[in-house]
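Commentary on secondary and tertiary structure
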Amino acid sequence: MTIDAQPSWMIATEDIEHCNKCGFCLPVCPTYQLTSNELQSPRGRIAMIEAAIQGEIAIGEGLDDSLSHCLDCRACETACPSGVRYHRILETGRDMLRSASHSKQRSQLSFATRQILKLVKKPQWLRGVVRVGNRFKKISLPKPLESLKPFLGYTEQQIAKVTLSSSTATFAVEFFEGCIMSAQFADANQAAKNLLARGGIQSDSPAQQGCCGALHLHSGYAEEAKAMARQNIDVFLHSEKLIVNTAGGCGAMLMQYGELLADDPKYADKARQFSARVRDWATVFNRVQHKVPLRGSGKRVTLQNSCHLVNVEHAGQDTVDLLKGVTGDLFVPYSGQDSCCGSAGTYNIEQREWAMSILEQKMIILADMQPDLIIVNNPGCHFQMRWGVQRYDWDADRVQHLAVYLERAAQRAERMLDQGECVDA
């Protein structure tokens, strides 16, 4: 099969033509809501990219400023009545900027981000750095690394492994570990595996899997992201089982492999097949949650949903349904729970002021609600929300991954049943 690759600007032009400039994207865009500036909205960015493609404006700092402040949360795509694939237009605009500035664009990334992009390609190195960093979190870091301090200090919960024999499993999936999830939040991965096992679902983690490539793609390293995608496709190619993961951002990227490698003659079909198998772990667990009693401890619980889980995977409701199913706790929703928290990969490093302003808007609402727990389902959200609660002098452990929270609820229910108590009371 021969696949002819279209230049990105031609693909973007096709997508731009579907935009009728209605403005439905404006109310859901975090940067437009922050600034009320049309150039910091999806509609404004699309107009600028279209003008640049047609040669009506120069490719320069104005376009760079507008596109660099986009979180790529893709809320605009969910709101768009015409189905405009904004992310493809955005990537084209960023490609044009990179082509205009050549290697200069890469040097504009901060030293801290460049180190992160190196480390996530070597998960075993990342784990070591995280352990060392957590140990020395209270000391002053060199100025180029100071922006990484909020990402340190998370203490993993002790999660005992729940085993499930293959003979008793009713279903089997393959588990995508993720680089940051496996290095910093391995407890969430284990908790998710436990819950799946409790529901009769066996999960296996293929060796040699690596980073999904999302941070590289969004930072302008598209070819490296494609190489990482090919590696993961090769690792998971031997099976037709569903591929599950615990990070909304990773899941969205894995689902995008088919699009990312659409012009690769060798991988196009394999990438589409791979992406079709990707599910968030909560979506799969939802199918069997009725088999797993969940008991809370009288907490008021709210949610910071992953925007990519909501807007790309369209699976945000699965998290909500699971939270509502915990007996004894009260799930308290709020209107902004599905909106971006400002993390957006390395956005809270590269655009710290904007990221903190977006976070502050959310924290004002949460401060009024005073929840006991804030549940997250993505590592970037986890870091960002810990950052937010610490600014309000709250205990950082008030932020908890969905899988850890639900596994604790399952353990609590199990103990109650062993003691002859009623879980549903």
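Residues numbered from 1 in each chain as written. Predicted model: local features only at pLDDT ≥ 70, side-chain atom pairs only at ≥ 80, totals over all residues. Heavy atoms only, no water.

Glancing now at the overall build of the protein. Summing up its helical and strand segments, the protein has 23 helices and 8 strands in all. For the protein, the C-alpha radius of gyration of 22 Å lies close to 22 Å, the compact-globule estimate for 425 residues. In terms of overall dimensions, the protein has a C-alpha envelope of 75 × 55 × 45 Å along the principal axes. Considering only contacts in the protein between residues 6 or more positions apart, those separated by 24 or more positions represent 77%. Here the protein carries 46 positive and 47 negative side-chain charges, and the mean point of each set is 6 Å from the other. (Helix = DSSP H or I, 4+ residues; strand = E, 2+ residues; numbered from the N terminus. Rg over C-alpha atoms; globule rule 2.2 N^0.38 Å. Contact = heavy atoms within 4.5 Å. Lys, Arg positive; Asp, Glu negative; His and termini not counted. Charge placed at Lys NZ, Arg CZ, Asp CG, Glu CD.)

Taken as a whole and assessed by the stated rule, the structure comprises 2 cavities of 30 Å³ or more. By volume, the largest cavity is sized at about 140 Å³. Looking at the largest cavity, it is lined by 17 residues, and the ones nearest its centre are Cys19, Cys25, Ile46, Cys80 and Val84. Contributions of two or more residues to the lining of the largest cavity are made by helix H3 (42-53) and helix H5 (75-79). (1 Å grid on protein atoms, 1.4 Å probe; cavity = no way out; pocket = protein on both sides within 12 Å on 5 of 7 lines; lining within 4 Å. Points joined across faces, edges and corners; volume = space filled by probe spheres on them.)

Our focus in this paragraph is the environment of Asn377. Counting through the fold element by element, Asn377 comes out in the loop between strand E7 (373-376) and helix H22 (379-391). The spacing of Asn377 and Cys70 is 307 residues in sequence and 21 Å in space, taken between C-alpha atoms. If near-sequence neighbours (up to four positions away) are discounted, Asn377 is found in contact with Thr246, Ala247, Gly248, Gln304, Asn305, Ser306, Leu309, Thr319 and His401. From its side chain, Asn377 meets the backbone nitrogen of Ser306 in a polar contact 2.9 Å long. A distance of 3.0 Å separates a polar atom in the side chain of Asn377 from a polar atom in the side chain of Thr319. (Polar contact = N/O pair within 3.5 Å; in protein donor to acceptor, adjacent residues only side chain to side chain.)

A few words now on the domain arrangement of the protein. How big an interface is tends to be stated in terms of accessible area lost as the parts join. In terms of domains, the protein is made up of domain 1 (7-101) and domain 2 (300-419). The C-alpha-based centres of domain 1 and domain 2 are spaced at 29 Å. With 15 residues of domain 1 in contact, the opposing surface of domain 2 contributes 14 residues. Taking both sides of the interface into account, the surface hidden between domain 1 and domain 2 amounts to around 1200 Å²; carbon and sulfur atoms contribute 66%. Looking at the side of domain 1 facing domain 2, the largest losses of area belong to Leu34, His69 and Leu71, adding up to 44% of the total buried there. Inspection of the region where domain 1 meets domain 2 yields 0 salt bridges. On inspection of domain 1 and its partner domain 2, the count reaches 6 residue pairs in polar contact (both at pLDDT 80 or more). Put simply, the parts of the chain that give the side of domain 1 that touches domain 2 at least two residues each are helix H2 (30-35) and H5. (Domains from an automatic or database assignment. Buried area = accessible area lost by both parts, 1.4 Å probe. Salt bridge = Lys/Arg side-chain N within 4 Å of Asp/Glu carboxyl O.)

A few words on the sheet that holds E7. In spatial order, the strands read E6-E5-E7-E8; together these 4 strands make up an open sheet with parallel pairing. Looking at which strands have only one partner, the edges of the open sheet turn out to be strand E6 (330-331) and strand E8 (399-401). Bridge count between E7 and E8: 3 bridges; the pairing is parallel. Within the sheet, the bridge partner assigned to Val376 lies in E8 and is His401. Against the sheet, H22 touches strand E5 (300-304), E7 and E8, its axis set at about 165 degrees to E8. Across the face of the sheet, helix H23 (residues 402-418) comes into contact with E5, E7 and E8 while running at roughly 80 degrees to E8. (Pairing = 2+ DSSP bridges. Axes fitted to C-alpha atoms, helices over the stretch in contact; angles between N-to-C directions.)

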